[in-house]
Amino acid sequence: MKILMMLSAAVVIAVFASGAQARTEERQKVEILYETTLNLIHLLVEQGVIKREAANEMIRKAEEKARVAQQAQEKASPPAVEGPKKGEVRVTYVPEHIKKEIRDELRDAVVGQAKQEGWGDVNVVPEWASRFKLEGDIRLREQADFYASTNAPAANFQAIGQQIDNTTEDSLHRERLRMRLGINANVTRGVDMGLRLTTGNINDPATTGSILGGPLSMGSPTSTLQTLGTFNSKFGFVLDQAYLKLSPWDWITVKGGRFPNPFFVGTVGDVYTGTIRDVPHTIPTAGVIHTDLLWDADLNFEGLAINLHPWLKENRTMKPFLNAGIFPLQQINQSETVKAKDKWFYGAQAGVEWIPDELDTKVRVGAAYYDYRNISGVRNPAFGDTLFNQTATLFRQKGNSLFNIDNDGDPTTNLWALAADYRIANVTMVADYSRFKPIHVVGTVDYARNVGYNQNRIFTRTGQNIKPETDAYQIRLTVGYPVISERHQWQIFGFYRYSERDSMLDAFTDSNYLLGGTNHKGYTIHGLYGVAHNTWFGLRYNSYNQISGLPLGIDSINLDLNARF
C-alpha cells in the first residue's frame, strides 16, 4: 500500500509539472520521471502485484488531481502584468531535492519488495527453503595391499583374539566407493541442524556385537567405504550424522546428537578445528590437513560437546579455546544376569592459537585428556557364567592387549575383552607458515600416552604380566595449497607414525595404517592434485610394520578420484 501511495504521488507531480509549456532541460527531466513512474506501474501489473483496472484508475485519478491542483493554483495567482517576452520560457518549478527524494524512496521501496517477493525470478523458493544448505562428496578408490613374506599366518593372530583374516595373500584389485550427502539447516538465529547420509556396509567387518549373538547390526565407526563387486546388489545408505548446534553467543557452541569430532586435531584450515568456525559443515573441505594419530577422519562422536572460543573474531595475537564433551559408548541394561556397566568416554582439551604480527605464521597448540570408563573386560567368575560378557567392547580393530573372559571351558567360543584401562594424555601442535601464499608449509607434531595403564591391575584382572607399551607420536610436513578447490592446485605431505600396542583405543584409530588399529610404525606419502573445480586426484602410499608380537608388515597404495559440491 505504501508503494502504491508513493507511485500515485509521483504521477501527480509528473503530470502537474508536464502542464507547463516548456521545452527546456527541466521539462525533459520531468518527462523522464513521468515515464519512469508509468513504467513502474506497468511492471507491478505484469508481476501481479496490482490489477490492470486498479492501475488505470490510479493513473486517471492522479491526472485528474493534478489538473484540479493546477487550475486552483492559476486562479489563486495574481494576473500577469505582462506576457512573456520573446525567447522567455516559464516553467512550473519542482525543487530538485523533492524529485530526488521521491526517486530514492520509490526505488528503495520497489527494489526491497522485489527482492522479498522474488519478482521476475522463475526459480524463486520460499523463505524457509533458503535456510537449508546441501553439500556432498564422492570418492572412487582403487586400493592395492601388499603383505610381507615374513608375516605370521592369520590363524596365529586369531588365536590371540586379533581380528585379522589375511596376512599373506596380496589384494591387488579392490575397488571402493564412498558417497556422503549432508544437509545443514539454520533453524533460527543461534540454532543449526546437521544431517549426513553416507555409504557403508553395516554388517562388516565382524564385531564383538555379532560374536555375542546380540541383535545389533553395526559396521566400522571409522570407515564409510563400500567395496564394489557384490554382484550388482544395491548399496546401503546410513545415517552418519544427526545433531543440533546451539550458539547463543559468539564465544560458545554446544552440540548434541551424533556430530563431527569436536576436538582440535591439528588443522589449520576450514574443517576439523573443533567448532572454531562460523558455519556448520557436514562434509569436510577438500585437502583438509589434520593429524590422525588418535582419531580416524571419518569418526563421529555421539553425546554432548561444548566449545568455548572467546575473541575468535577479534584481531588478537593469542586466542584461547576449550573443548569438552561426554559420550556414551555402550549402554547396558543391567539385571540379575547382566552385571556389566555402561561404557562412557569423557574428554577435555584446552589450547591456544598464536598469530604473531608480521611473521606470516599461525601456531595452534592443544593439550587433551581422554578418559574411558568401564572399558576393560571382567572375567566371568564361575564356570558357565555370562554375567560379564558385555564388558567386551562392541567394536575393535587390532593391536590392544586382550584376554578371554569366557568361562565355559570351550576354546572355540573365546570372548576377548580389553586387558588395560585407557586414559589418554595428548598434546598436539601445528604451525602454518604462509609467506609463500597461496602455498603453505605446515608442520604438525602429535604425541599421546596412555597414563591409565597399570601393570599390577592388569595382572590381577587377567593373570598375564603384560609389559607397558603406551606411547604414540606422529610427525607430519605438508607443502602446497591448504585446500584443494580449483584446477592445478596441489598438496604433498608425508609423515612418520609410531603407535605402541596400548597407547590408545584401537577401535577409533585410522583404518589405513597397517589396515587399522595400534601396534605399528611406518610412514605415509600422499599427493593431491586438482583437475577441475572441487575435483581432485589423490595418490597415497603407506608402509607399516607391527612393533611387537607376531611379525606383520603391510604396504598399501590408494588411488582416489574425489569430487564435492
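Before reading further, recall that the structure is shown in the block above.
*Asks:* What should I look at first to understand a nonpolar patch on the surface in this one?
*Replies:* Taken together, the side chains of I138, L140, F146, L172, F537, L539, I557, L559 and L561 present a nonpolar region at the surface, about 720 Å² in accessible area. Mapped by element, the contributors of at least two residues to the nonpolar patch are β1 (132-147), β18 (535-546) and β19 (553-564). By the element assignment, F146 lies in strand β1.

*Asks:* Would you take a moment to explain the side chain of D137 for this structure?
*Replies:* Structurally, D137 is set in strand β1. For D137, a relative accessible area of 8% corresponds to the buried category. A polar atom in the side chain of D137 sits 2.7 Å from the side chain of R180. Here D137 is in contact with R178, M179, R180, I283, A563 and R564, once residues within four sequence places are set aside.

*Asks:* Would you take a moment to explain helix α7 (residues 455-462) for this structure?
*Replies:* Among the residues of α7, I458, R461 and T462 are the ones counted as buried. Projected onto a plane normal to the axis of α7, the buried residues spread over an arc of 75 degrees and lie on a single side. The exposed residues of α7 that point more than 90 degrees off its buried face are N456 and T460. Against the buried residues of α7 lie β11 (402-404). Regarding α7, its N-cap is N454, as a side-chain oxygen of that residue lies 3.1 Å from the backbone nitrogen of N456 further along. Count one or two residues on from α7 and you reach G463, which has phi positive near 80 degrees.

*Asks:* Is there a simple way to explain the pattern of salt bridges in this structure?
*Replies:* Pairing between side chains of opposite charge can happen when their charged atoms approach one another. Scanning all chains against the criterion turns up 22 salt bridges. Here R178 ties to D298 by a salt bridge, and the two come within 3.3 Å at their closest N and O atoms. Taken as a pair, R178 in strand β2 (residues 171-188) and D298 in the loop between β6 (252-260) and β7 (300-308) lie far apart in primary sequence, 120 residues in all. This pair shows no difference in class: R178 is buried, exactly as D298 is. Several salt bridges share partner residues, and in doing so they unite D137, R178, R180 and D298 into one network.

*Asks:* Explanation requested: the pairing of β1 in the structure shown.
*Replies:* The side chains of a regular strand alternate between the sheet's two faces. Both β1 and β2 contribute to a ladder of 13 bridges, which runs antiparallel. Directly across from D137, in β2, lies its bridge partner R180.

The rules we used
The written sequence of each chain sets the order in which its residues are numbered from 1. Confidence filtering applies because this is a predicted model: local features only for residues at pLDDT of at least 70, side-chain atom pairs given and counted only at 80 or more, and all residues used for totals across whole chains, interfaces and linings. Where side-chain values are given, they derive from all heavy atoms of the structure, hydrogens and water being excluded. Nonpolar side chains (Val, Leu, Ile, Met, Phe, Trp, Tyr) are joined into patches within 5 Å and like charges within 9 Å, using only residues with over 30% relative accessible area and no salt bridge. Methods summary: accessible areas were calculated by the Shrake-Rupley approach with a probe of 1.4 Å, and residue burial reflects only the protein chains presented. Salt-bridge detection follows one rule: a side-chain nitrogen of Lys or Arg within 4 Å of a carboxyl oxygen of Asp or Glu. Strands are runs of DSSP state E lasting at least two residues, helices are runs of H or I lasting at least four, and both sets are numbered from the N terminus onward. Exposure categories follow from relative accessible area, calculated using a 1.4 Å probe and restricted to protein chains: below 20% of the type maximum is buried, above 50% is exposed, and the middle band is partly exposed. Under the rule applied, a polar contact is a pair of N or O atoms within 3.5 Å (in protein, one hydrogen donor and one hydrogen acceptor; residues adjacent in sequence only if both atoms are side-chain atoms). Here, two residues are considered to be in contact whenever any of their heavy atoms come within 4.5 Å of each other. The arc in question is the one spanned by the directions pointing from the helix axis to the C-beta atoms. Any two strands with at least two DSSP-identified bridges between them are counted as paired.

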